[in-house]
Amino acid sequence: MNNKALVRLSNIIGITSIILLVYWVFIFISITVFGLKVFRENLTETFYLSVVGILALMFGALIINVMFNLTRIAEKHNQEDINNTRTASKKLGLIFGLSFPLVFGLLYGGDYLTSSKKEKMLISSAKSIIESNIEKSNKLVNYSFDEKWIIETGDIIDLYAKTDKHFPYVSVIVADSIDKSQIFLGFRDYYGELNDTVPPLKKNFIQQTTKDEREYLTKVFFKNFDGVRFSASDGRYELFYPYFKNGKKIVLYFSDYQRYGKIGS
């Protein structure tokens, strides 16, 4: 193989390796900074192999070094090829630069599809809880702050959690008050026993919420708003699903978290 062919081969290998490495780093930065959930678990975890990334950078630097040294040898023999190469490099550089917004758009689109599928899954789970067993649903909506209702609610939720291995965290939210102050209570697990000598306290069940969430719950419980509320941020998914029955209201609160994201999940 002559010098000219060797230079071309080195250029192809070097440029291809560097471009792949730059895209890999760009994708890693994008999904880390913006919390995008796109890839499958095993591929996502490879992003965190910093040592491999450093070795890849070193390998890329070595290729560049070899490429430029071979190019210097080739420059002595064919100046016309150099001019053609520079023109082609400018075009490729422009295409390369414009490709980053496209790659980011694809990542963002994948994250949106992941969130959309998660929202549909959570809504489906909520409907399943309500519709699959009307008797249990009526028990949930007939809220009263006593040990019997709290224990029954925990048992119902636990039953559904054990039925489906993909069942996310879920709790039941109701509106109540403490010392004439309006509060929202969330019920999931209760470690006491029926007729325990230590009665449950409302303050131990207060649902921690953000300002936007409190505004949403206020609309549901006091303004008869029946829309769902879904939010997704950095792999954390939350769904508020209201249920009305005979003038009584509860909100099923689903939350799920995944370190990775995949369109096929």
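Rules of the game
- Residues numbered from 1 in each chain as written.
- Predicted model: local features only at pLDDT ≥ 70, side-chain atom pairs only at ≥ 80, totals over all residues.
- Heavy atoms only, no water.
- Pairing = 2+ DSSP bridges.
- Helix = DSSP H or I, 4+ residues; strand = E, 2+ residues; numbered from the N terminus.
- Axes fitted to C-alpha atoms, helices over the stretch in contact; angles between N-to-C directions.
- Contact = heavy atoms within 4.5 Å.
- Parallel < 35°, antiparallel > 145°, perpendicular 65-115°, else oblique.
- Left-handed = near helix turned anticlockwise from the far one by under 90°.
- Buried < 20%, exposed > 50% of the residue type's maximum accessible area, 1.4 Å probe, protein only.
- Lys, Arg positive; Asp, Glu negative; His and termini not counted.
- Salt bridge = Lys/Arg side-chain N within 4 Å of Asp/Glu carboxyl O.
- Polar contact = N/O pair within 3.5 Å; in protein donor to acceptor, adjacent residues only side chain to side chain.
- Patch = residues over 30% accessible without salt bridge, like charges linked within 9 Å, V, L, I, M, F, W, Y side chains within 5 Å.
- Areas by Shrake-Rupley, 256 points an atom, 1.4 Å probe, with all protein chains shown as cover.
- Arc of directions from axis to C-beta.

Visitor: Just to check I follow, could you spell out the sheet that holds strand S5 (residues 248–257) for this structure?
Guide: A sheet is described by the order of its strands in space; here five strands give the open sequence S2-S1-S5-S4-S3, paired in antiparallel fashion. The sheet is open, and its two edges are formed by strand S2 (181–187) and strand S3 (229–233), each paired on a single side. The mean inter-strand angle of the sheet, taken between neighbouring strand axes irrespective of direction, is 25°. Two elements, strand S4 (residues 236–245) and S5, share 10 bridges in a ladder whose sense is antiparallel. Among the inter-strand pairings, Arg236 is bridged to a residue of S5, identified as Tyr257. Each of strand S1 (169–178) and S2 is contacted by helix H6 (residues 147–163), which is oriented at about 160° to S1, the strand it contacts most.

Visitor: Looking at this structure, I do not really get the pairing of S1. What am I missing?
Guide: Along any regular strand the residues' side chains alternate between the sheet's two faces. Relative to S5, S1 is paired through five bridges, and the arrangement is antiparallel. Along S5, the bridge assignment pairs Tyr169 with Ser255. Where S1 meets S2, seven bridges bridge the pair, whose relative direction is antiparallel. Looking across to S2, one finds that Ser177 is bridged to Gln182.

Visitor: Explain the packing of helix H5 (residues 134–141) against H6 here, please?
Guide: The packing of two helices is summarised by the inter-axis angle and the distance between the axes. Where H5 meets H6, the closest approach of the two axes is 9 Å, and the angle between their N-to-C directions is 140°. Viewed along their axes, H5 and H6 adopt a mutual orientation that is oblique. Of the two possible hands of crossing, H5 and H6 adopt the one that is left-handed. Of the residues in H6, those in contact with Lys136, Lys139 and Leu140 of H5 are Trp149, Glu152, Thr153, Ile156, Leu159 and Tyr160.

Visitor: So what exactly am I meant to see when it comes to the side chain of Glu213 here?
Guide: Inspection of the secondary structure puts Glu213 in helix H7 (residues 211–223). No salt bridge is formed by the buried Glu213; its nearest oppositely charged neighbour, Arg229, is found at 4.2 Å. Separated by 2.9 Å, the side chain of Glu213 and the backbone nitrogen of Thr210 make a polar contact. Residues within four places of Glu213 in sequence aside, it is in contact with Gln208, Arg229, Glu238 and Phe240.

Visitor: Is there a simple way to think about the pattern of salt bridges in this case?
Guide: Oppositely charged side chains are able to pair whenever their charged atoms sit close together. All told, the structure shown has five salt bridges when counted by the stated rule. Here Lys118 makes a salt bridge to Asp256, at a shortest N to O gap of 2.9 Å. Of this pair, Lys118 sits in helix H4 (residues 79–132) while Asp256 sits in strand S5, and the two are 138 residues apart along the sequence. Note on accessibility: Lys118 and Asp256 belong to one class, buried. Across the pair Asp176 and Lys202 runs a salt bridge whose closest N-O atoms are separated by 2.9 Å.

Visitor: Would you mind going over a nonpolar patch on the surface with me for this structure?
Guide: Taken together, the side chains of Val25, Ile29, Val33 and Phe34 make up a nonpolar region of the molecular surface, amounting to roughly 380 Å² of accessible area. Counting through the fold element by element, Val33 comes out in helix H1 (residues 3–33). Since its relative accessible area comes to 60%, Val33 is described here as exposed.

Visitor: What should I look at first to understand H5 in this one?
Guide: Working note: α-helix, 3.6 residues per turn, so residues spaced by three or four point in the same direction. Along H5, the positions that sit buried rather than exposed are Ser137, Leu140 and Val141. Angular distribution of buried residues about the axis of H5 spans 90°; they occupy a single face of the element.

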